[in-house]
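Residues per chain are reported as follows:
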Amino acid sequence: MDYAPAKFHKSARELAEPGGAFAYTPEHQAKFDANVKCYPPDQRRSAILFALYLAQRQQGYVTAAAMRHVAEQIGCTPAEVEDVVSYYTMFFTKPVGTYVLNVCRTLSCALRGAERVTAALSAELGITPGETDPTGTFTLIEVECLGACDRAPVVMVNDDWHECLAPEDVRRLVEDLRTRGPAALTGCHLHKEKAAEATS
Amino acid sequence: METVTLTIDGQPITVAKGRTVLQAAIEAGVSVPYYCYHPGISIDGSCRVCVVKIEKMPKLQTSCSTLCADGMVVSTREPDVVDARAGVFEFLLANHPLDCPVCDKGGECPLQDFSYTFGPADSRMDFPRRVFDGEGVKADVDFGPTLMLNRNRCILCTRCVRFMKEIDDDAQIGIVDRGAGSEIATFQEQGVHSLLSGNLMDVCPVGAILTRDYRFKSRPWDNPTVVDTTCTLCSKGCNTSAWLKAKPEWAKGSRLIRMTPRYNPDVNGYWMCDIGRFNYHWVEGESRLRRPMTRNGDVLEPTAWHDLQPRLRDRLRQARGSSESAASSVQAPPVRFLVSAHASTEELFVLKQLVEGLMGSEGLNAVTLAWTTSDKAQPAGTKFKVSRTNAPNVNGARDLGYQVGAGNEGTPDLSALRSAIESGQTAAVYVLDPGPDGSLGDTSWLIAARQNGTLPLLIVQGAVMTDLASAADFVLAGSAFVEKDALYTNDQGRVQAASRAIAPPGEARDDWSILVALGQSLGLALAYESAIDVRRALAATMPDTPYASADLLVVTRPVAARNWLQASNPSERWKWDFLYQDLPPVKGHSVQMEGISPRAAYIPLKLTE
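Residues numbered from 1 in each chain as written. Chains lettered and ligands numbered in written order. Predicted model: local features only at pLDDT ≥ 70, side-chain atom pairs only at ≥ 80, totals over all residues. Heavy atoms only, no water.

1. Observations concerning the overall build of chain B
In terms of regular secondary structure, chain B is built from 17 helices and 23 strands. For chain B, buried positions account for 60% of its 609 residues. Counted over contacts in chain B with a minimum sequence separation of 6, partners at least 24 positions apart contribute 67%. Entry remark: accessible area of chain B is about 23,900 Å², with carbon and sulfur atoms responsible for 52%. (Helix = DSSP H or I, 4+ residues; strand = E, 2+ residues; numbered from the N terminus. Buried < 20%, exposed > 50% of the residue type's maximum accessible area, 1.4 Å probe, protein only. Contact = heavy atoms within 4.5 Å. Areas by Shrake-Rupley, 256 points an atom, 1.4 Å probe, with all protein chains shown as cover.)

2. Describing the overall build of chain A
What chain A contains, in helices and strands, is eight helices and four strands. Helices (α) and strands (β) of chain A occur, in sequence order from the N terminus, as α-α-α-α-β-α-α-β-β-β-α-α. Referenced to the eigenvectors of the C-alpha coordinate spread, the extents of chain A come out at roughly 65 × 45 × 30 Å. Split into buried and exposed, the 200 residues of chain A put 42% on the buried side. Long-range pairs, those at least 24 residues apart, make up 66% of the contacts in chain A between residues at least 6 apart in sequence. Summed over all atoms, the accessible surface of chain A reaches about 10,800 Å², with 55% contributed by carbon and sulfur. Measuring between centres, the 20 positive side-chain charges of chain A sit 1 Å from its 26 negative side-chain charges. (Lys, Arg positive; Asp, Glu negative; His and termini not counted. Charge placed at Lys NZ, Arg CZ, Asp CG, Glu CD.)

3. Comments concerning the pairing of strand β7 (residues 147–150) of chain B
Along any regular strand, the residues point their side chains to alternate faces of the sheet. Residue and element names in this part refer to chain B. Side chains Leu 147 and Leu 149 of β7 all project onto a buried face; the interleaved residues Met 148 and Asn 150 project onto the opposite face, where all are buried too. Summarising the sheet, strand β6 (residues 140–142) and β7 pair through three bridges and their orientation is antiparallel. If you follow Asp 142 over to β7, its bridge partner there is Met 148. What sits between β6 and β7 in their antiparallel hairpin is a turn of four residues, with Gly 144 showing a positive phi close to 100 degrees. Pairing between β7 and strand β10 (residues 209–211): three bridges, direction antiparallel. Its bridge partner lying in β10, Met 148 is registered against Leu 210. (Pairing = 2+ DSSP bridges.)

4. Section: the sheet that holds strand β17 (residues 367–370) of chain B
Residues and elements named next belong to chain B. Spatially, β15-β14-β20-β19-β18-β16-β17 is the arrangement adopted by the seven strands of the open sheet, whose pairing is mixed. The sheet is open, and its two edges are formed by β15 (299–302) and β17, each paired on a single side. The mean inter-strand angle of the sheet, taken between neighbouring strand axes irrespective of direction, is 20 degrees. Across four bridges, the pairing between strand β16 (residues 335–340) and β17 is parallel. Paired with Val 339 across the strands is Leu 369, a residue of β17. Packed on one face of the sheet, helix α8 (residues 345–359) meets β16, β17 and β18 (428–433) and runs near 170 degrees to β16. Against the sheet, helix α13 (residues 511–521) makes contact with β18, β19 (457–462) and β20 (474–477), and its axis sits at roughly 155 degrees relative to β18, the strand it touches most. (Axes fitted to C-alpha atoms, helices over the stretch in contact; angles between N-to-C directions.)

5. As for the side chain of Ser 241 of chain B
Looking at the secondary structure, you find Ser 241 of chain B in strand β12 (residues 239–244). Within the structure, the side chain of Ser 241 of chain B is placed 3.3 Å from the side chain of Asp 228 of chain B, a separation counted as a polar contact. (Polar contact = N/O pair within 3.5 Å; in protein donor to acceptor, adjacent residues only side chain to side chain.)

6. Details of the layout of surface pockets
Residues and elements named next belong to chain A. By volume, the largest pocket amounts to about 950 Å³. Lining the largest pocket are 36 residues, with Ser 86, Tyr 88, Thr 89, Phe 91 and Thr 93 positioned closest to its centre. Elements that contribute at least two residues to the lining of the largest pocket include exactly α4 (78–87) and β2 (138–143). In terms of residue class, the lining of the largest pocket is built from 17 nonpolar, eight polar and 11 charged. Counting contributing residues per domain, the lining of the largest pocket is built from domain 1 (26–87) and domain 2 (99–196), each supplying no fewer than three. (1 Å grid on protein atoms, 1.4 Å probe; cavity = no way out; pocket = protein on both sides within 12 Å on 5 of 7 lines; lining within 4 Å. Points joined across faces, edges and corners; volume = space filled by probe spheres on them. Nonpolar A, V, L, I, M, F, W, Y, C, P; charged D, E, K, R; others polar. Domains from an automatic or database assignment.)

7. Comments concerning the domain arrangement of chain A
The domain architecture assigned to chain A consists of domain 1 (26–87) and domain 2 (99–196). When each unit is reduced to the centre of its C-alpha atoms, the spacing between domain 1 of chain A and domain 2 of chain A is 28 Å.

8. Focus on the packing of aromatic side chains
Here the distance between the centres and the angle between the planes together describe a pair of aromatic rings. The final tally for this structure, using the stated rule, is 16 aromatic pairs over all chains. When the ring of Tyr 87 of chain A is compared with that of Tyr 88 of chain A, the centres are 5.1 Å apart and the planes differ by 75 degrees; the resulting orientation is edge-to-face. Looking at Tyr 87 of chain A, the relative accessible area reads 38%, which means it is partly exposed. Here Tyr 88 of chain A falls in the partly exposed class, since its relative accessible area comes to 36%. Site record: aromatic cluster; members linked through ring pairs are Tyr 34, Tyr 35, Tyr 37, Phe 89, Phe 114 and Phe 118 of chain B. For the cation-ring pair, Lys 236 of chain B lies above Phe 384 of chain B, with the distance from its terminal atom to the ring centre recorded as 4.5 Å. Above the ring of Trp 243 of chain B, the side-chain terminus of Arg 258 of chain B is found at 4.3 Å from the ring centroid. (Phe/Tyr/Trp six-rings, centres within 6.5 Å; stacked < 30°, edge-to-face > 60°. Lys NZ or Arg CZ within 6 Å of the ring centre and 35° of its normal.)

9. Describing the sheet that holds strand β1 (residues 3–8) of chain B
One key point about sheets: their strands pair by backbone hydrogen bonds, in either a parallel or an antiparallel sense. All names here are of chain B. Strands sit in the order β2-β1-β5-β3-β4 across an open sheet of five strands; the sheet is mixed. Each end of this open sheet is capped by a strand with a single partner; those strands are β2 (11–16) and β4 (61–62). By the bridge criterion, six bridges tie β1 to β2 in an arrangement that is antiparallel. From the neighbouring strand, Val 4 faces β2, where its bridge partner is Val 15. Along the sheet, helix α1 (residues 21–28) contacts β1, β2, β3 (51–54) and β5 (73–75); its crossing angle with β2, the most-contacted strand, is approximately 115 degrees. With respect to the sheet, helix α2 (residues 79–92) is in contact with β3 and β5, its orientation differing from that of β3 by roughly 160 degrees.

What follows is the structure, given as structure tokens:
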């Protein structure tokens, strides 16, 4: 039977971007090789999550080409990798901004005004949750519990918490990120404790 | 064999150790519903409808994933089990579209059947169903060259995912997204590309995965008859069921409506490949031979058998006589036979008697067997390997003494035949090819030899109007594998029977009877009245081989698919085939080797040392 896909129905599922040729940088390849050794040889698929994390680190998001590369590295099929990518909300299949602002909207943060934080960020950046600003600097996302309820409301900027963020502090955070870049990611008490340790 | 004894619903049951409670229940005839369980693939425990109560266990257990133990007391009928099961059904149907009236699976759908039996009468679901249809979105999506996927109907049992991973060894299907948004999908919507893709329709317990070939063509109640037969499109010899659509004789379209696999643990398990499943349209296709034809100048004219036979006899006599005068030797017989390995053992047996009657004991030298081989693109670790040889009966020909070269994976050697024809030493070639077009491989040289006159006479007996047949002087309309009771010996050396599901079209005849009539017209004493006569003679001449009981083989008759759940549902068929062989309507039908001990069913590839 001849296969003529154009003839048939297509799903409107949002597919990952095809992306250009993808391969790990030597540094990431080394990290992957070290990580995959943690698992028995017949359970290499356990390393898919870490492999995808590396791919996202390298590219900012996971393209179809990256999924194929991960599948090759693991020795499974791309469909199995896509399963994982589509299951976890922290993998992106479309380009995102340099700074991904994950605003927690679960109970503790919500009680302490997370909605107002989201609204303030929206107003400041001119985007709604789920969007990326035109300069490609910020992406605003609402997420479920980030596990920092004692310091609500929390915004996770890339991999760092920004705690006790009052809606009126939002403008300062955004300006900080714009001017100082990653150096501004010091809102997390872990950073502060580390800094305190270093000075004492 | 170590066994354990447990009690299910008060009934003591003894099963082999290692069986699950669900398997024990199925063996004992206790009705427990299930979706994600399939005997051919691994256990998943994701659908939850097979819950049972087991004494001393704190909660209800999924019977498909609980191993039987001695003294276990299982209940499938207690009120809490019934309630829990009904609750699971309510969830399964929460998003199911219930479009049974337009769904091809309707009537043979486990979801339908089990929901009626075990599910609640109605749903308490107040919210709208999750649907994939919408603005620019279709629930029905393309799922590869052979399949369609309806995502609304899917209940996420993951049988298809596990089939592709475990049997096909290429996990092309996965579940994307999470929770209520989960759907079955392939990577980047590229579809399933596999030689085993048709099996996904069989394993799917709902109407989510359907083959394009069968979609919208028929409904279960339109297929009242199913015939247990054997696939002949490669040397694997999968056991299959041919489905016949009921329709008036004058109605358009074919009767043969689909092929499905039939459980045989020694040959094909629960599966069959797409070649056997979808490549049956030629049987009732446009190019099918329906009447004998003779050449008159440039055209082939339909004729009657009684007109054709004397003319054919005279031409053959003339061909034999002319070269006898031209100092023919045993090495260069004037009439040569080119036979496809699609010919059944009966046909080869009659042909052997024919050539030996005409040319003495060296007669078989005049016969050349032909078949094609091709590499099938399959993943390395597949559990279902399709054979390279595209013909069913190479081993049968070998057992009868034909020269077919060593091993089943061999290739035919036509060089001697070709040089004999192209050097003009041959006065006539008789081709016997009951297979589909192309089963003889490349025949352009033979067509060329006939057209440039090197070969004076070409006779083609076959099922399809091939290029070769259109170059022939006589075309004899034979029958295809679903139109005759016939034996084929597969690559394991197992003698299996294909059975007559439909009659040959028009004036086409059984191939053995055409050969018998030819032999009789040439003065040979071939006195066979029916295929069973041929099998009896075959059995008598080959004692101490599996063929010795060829006449005892049960060549199956059509099965009335009265009870769809029991007999006609392809995804349930395995259960009735191997567990309830003594119950109607499958009585005797799957027992192809009745009366033959399992050991004798395997014959060595070489009969004599």
